[in-house]
Number of protein chains: 2
Amino acid sequence: MIRGTDGKRRSVTIHDVAREAGVSRGTVSRVLNGGHYVSPAAQAAVNAAIRKTGYVVNRHARSLITGKSDSVAFLLTEPQERFFEDPNFNVLLRACTQALAAQDIPLLLMIAGTEAERRRNLRYIEGGHVDGVLLVSSHSGDPVVSELDAAGVPVVACGKPLGQRAQVSYVAADDREGARAMVRYLHDSGRRRIATVTGPADTPGGVERLAGYRDVLAECGLPVDESLIVPGDYSRASGEAAAELLLERAPDMDAVFVASDLMAQGVLDTLSRGGRRVPEDVAVGGFDDSPAALSTRPGLTTVRQPWDRISTEMVRMLLARIAGEEPSAVILPTELVRRGSA
Amino acid sequence: MIRGTDGKRRSVTIHDVAREAGVSRGTVSRVLNGGHYVSPAAQAAVNAAIRKTGYVVNRHARSLITGKSDSVAFLLTEPQERFFEDPNFNVLLRACTQALAAQDIPLLLMIAGTEAERRRNLRYIEGGHVDGVLLVSSHSGDPVVSELDAAGVPVVACGKPLGQRAQVSYVAADDREGARAMVRYLHDSGRRRIATVTGPADTPGGVERLAGYRDVLAECGLPVDESLIVPGDYSRASGEAAAELLLERAPDMDAVFVASDLMAQGVLDTLSRGGRRVPEDVAVGGFDDSPAALSTRPGLTTVRQPWDRISTEMVRMLLARIAGEEPSAVILPTELVRRGSA
DNA sequence: CTGAAAGCGCTTACAG
DNA sequence: CTGAAAGCGCTTACAG
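Given the structure is predicted, the values throughout are model-derived calculations rather than measurements.

Engineer: Mind showing me how you'd approach the side chain of D175 of chain A here?
Structural biologist: Residues and elements named next belong to chain A. Take D175: it is sitting in helix 9 (residues 175-188). Here the side chain of D175 touches R209 through a polar contact of 2.8 Å, side chain to side chain. When near neighbours in sequence (up to four residues on either side) are disregarded, D175 contacts G205, E208, R209 and F287.

Below you can see the structure in the form of structure tokens.
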């Protein structure tokens, strides 16, 4: 803030800095934008003036010229109830916010749970108010993906967008290999009747983790018993229901690979109510390594998704896309985390 | 988008709309801003032109003039790990995002976990890049509150900011009365050795819920046994530790009022490991009615915080503050939710 | 390397 | 009620 000739408060502009430094506004702008074609002397004078006046750039004025907003949207199109319940969401959101903040780029949080919200957010984004979007949408054929792509808005998705013609950047954990590692581990510890609770078939996690399960059974020469495969929807409740079904269909199962920690929690509950000891009678393996995995009794053996790296990569890729790079995909390795349940 | 005379894509501006409607840009701007002093005919022509051209206002240009950004920050200064772990956070964040979205105001998510992050966010906010801030900061004497206030930035806090000279707007649940209702309920169901696990003494929930506990004991003529009062920090782990201490100090306790659901989860775990049946041997009451309350066995009897209303009120008050209204406080009633644990 | 000038897309007194 | 004009705070060719 500064006092104008009329004594009123107004914020300090590039003009004030220029006067203070004894240079033109153009020169101030040049040092602000990287200092190219500026003499060291002018550079120093301007920097001193900036410090003295407490100048901070007016981003609106800048954006008006450059056509860029220097902000990014984090768009959630998932049926929100479920995903907001998921502890992974927090980890992702926080890490993205911080990775962006490190570059001084604010994150606009947008939720497109209803059709009306979807329209509004799309209008805002396509209005050019953000430079790109970090997209969290796991269901197949989400129209948001193609709309954004058609509008020419840089997008990086979390997880591979299924059923899309558009070529969109994404970063994902290696679901299939993660699932393999877990099932292999169950097999190696002597389990032979290994069941699985899958995620929805229209999500990458639903498809890939099941594929990994099948891979290992084949590898090990174990027959694939379809009655041992039960679908879930990633919710805890669906884990309970799935476990009940399994207990009924295959009372002799000795292990379950569950495609998410939240569902694994449900499985654990049902198993314990059914009088099965974990891991003695039935070993349980989860997926995610979410905070939930620490709160079960026994602790959940699971597959860690590298959320920190996922977030960092998403941000890096989005910035690259905004800078003009072509779309690309990054697959990150997972890690088996052993606790008490298997 | 539109094609310029040179055939290049450029976005449609107020100028295009004016030409299409056969009026001046000033008139277009007037209908955009409420339609005052505009004839019905001009109004209609402009609206038609807007629809035809697909015009959407350039907010940067607008902000440059008005000095307002039409956006709001959601600032989290809590030591982040803990609060991001709290399911209440999600409920609050989602509801605020949606209440704001309904007014077409984007929410910028900011996390000030470290000193560096705090500075950066403050600089951004004080640079006038947001019109106001929704503040989530529960520890006493948070410097962010006074800095924001000193900079003249409208603020509405979630929960009463403790240890502040600044007069800041806030909305909070009626912690004290909520605690009273719970302890009264425990007493009414015949419990006489009622312990409590409190929140940190520098948070409103830590102070008020304990006060409510004391109120009821006094009301009922029960002696206050200080050894029955154990402090926690809202985390699940602290609930476990507190319960261990209580089991040791007061093996005859028959109820515990726990100041958060997360801690209550920990208490439940410890109790069950200690061989106590809930609610038969010990009744357990929580606070929050967070998603965690549904996932315990038995379900947690707790005090519901009206997060929807809290969020709605926060947004409403912030908008009022931005519009020039004086600070104010809103206290919202809580509700006792009975489940299996008490 | 540097200054003068145009212009980004809008809003808002001002004069009619 | 309406148009012409000034101006918000910047960036960026352009000419030197």
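Engineer: Teacher, can you tell me more about the interface of chain B and chain A here?
Structural biologist: Interface size is commonly expressed as the accessible area that is lost once the parts come together. Taken together, the contact pairs 38 residues of chain B with 38 residues of chain A. Carbon and sulfur atoms make up 55% of the surface buried where chain B meets chain A, a total of about 3500 Å² over both sides. Counting across the chain B and chain A interface gives four salt bridges. One salt bridge connects R297 of chain A with D269 of chain B, and the closest N-O pair in it is separated by 3.1 Å. In this assembly, chain B and chain A are joined by eleven residue pairs in polar contact (both at pLDDT 80 or more).

Engineer: Is there a simple way to think about the sheet that holds strand 10 (residues 255-258) of chain B in this case?
Structural biologist: Note on sheets: strands pair through backbone hydrogen bonds, and any given pair is parallel or antiparallel. Residues and elements named next belong to chain B. Spatially, four strands are ordered 9-8-10-11 in an open sheet, and the strand pairing comes out parallel. Each edge of the open sheet carries a strand with a single partner, namely strand 9 (229-231) and strand 11 (283-285). Taken pair by pair, the neighbouring strands of this sheet meet at an average axis angle of 15 degrees, ignoring direction. Relative to strand 9, strand 8 (residues 194-198) runs parallel, the two sharing three bridges. Bridge pairing in strand 9 links T198 to P231. Lying on the sheet, helix 9 (residues 175-188) is in contact with strand 8, strand 10 and strand 11; it crosses strand 10 at an angle near 170 degrees.

Engineer: What's the story with helix 10 (residues 204-219) of chain B in this structure? I'm lost.
Structural biologist: What sets the pattern is the α-helix's 3.6 residues per turn: residues three or four places apart point alike. Residue and element names in this part refer to chain B. Taking 1.5 Å per residue, 16 residues should reach 22 Å; helix 10 reaches 22 Å between its end C-alpha atoms and fits that length. Those residues of helix 10 lying buried are P204, G205, G206, R209, L210, A211, G212, Y213, D215, V216 and L217. Tucked inside the fold, the buried residues of helix 10 contact helix 9, strand 8, strand 9 and strand 10. Count one or two residues on from helix 10 and you reach G221, which has phi positive near 75 degrees.

Here is what the cut-offs are and how they apply
Residues numbered from 1 in each chain as written. Chains lettered and ligands numbered in written order. Predicted model: local features only at pLDDT ≥ 70, side-chain atom pairs only at ≥ 80, totals over all residues. Heavy atoms only, no water. Helix = DSSP H or I, 4+ residues; strand = E, 2+ residues; numbered from the N terminus. Polar contact = N/O pair within 3.5 Å; in protein donor to acceptor, adjacent residues only side chain to side chain. Contact = heavy atoms within 4.5 Å. Buried area = accessible area lost by both parts, 1.4 Å probe. Salt bridge = Lys/Arg side-chain N within 4 Å of Asp/Glu carboxyl O. Pairing = 2+ DSSP bridges. Axes fitted to C-alpha atoms, helices over the stretch in contact; angles between N-to-C directions. Expected span 1.5 Å × (residues − 1). Buried < 20%, exposed > 50% of the residue type's maximum accessible area, 1.4 Å probe, protein only.

All quantities given are derived from atomic positions and should not be read as evidence of function.
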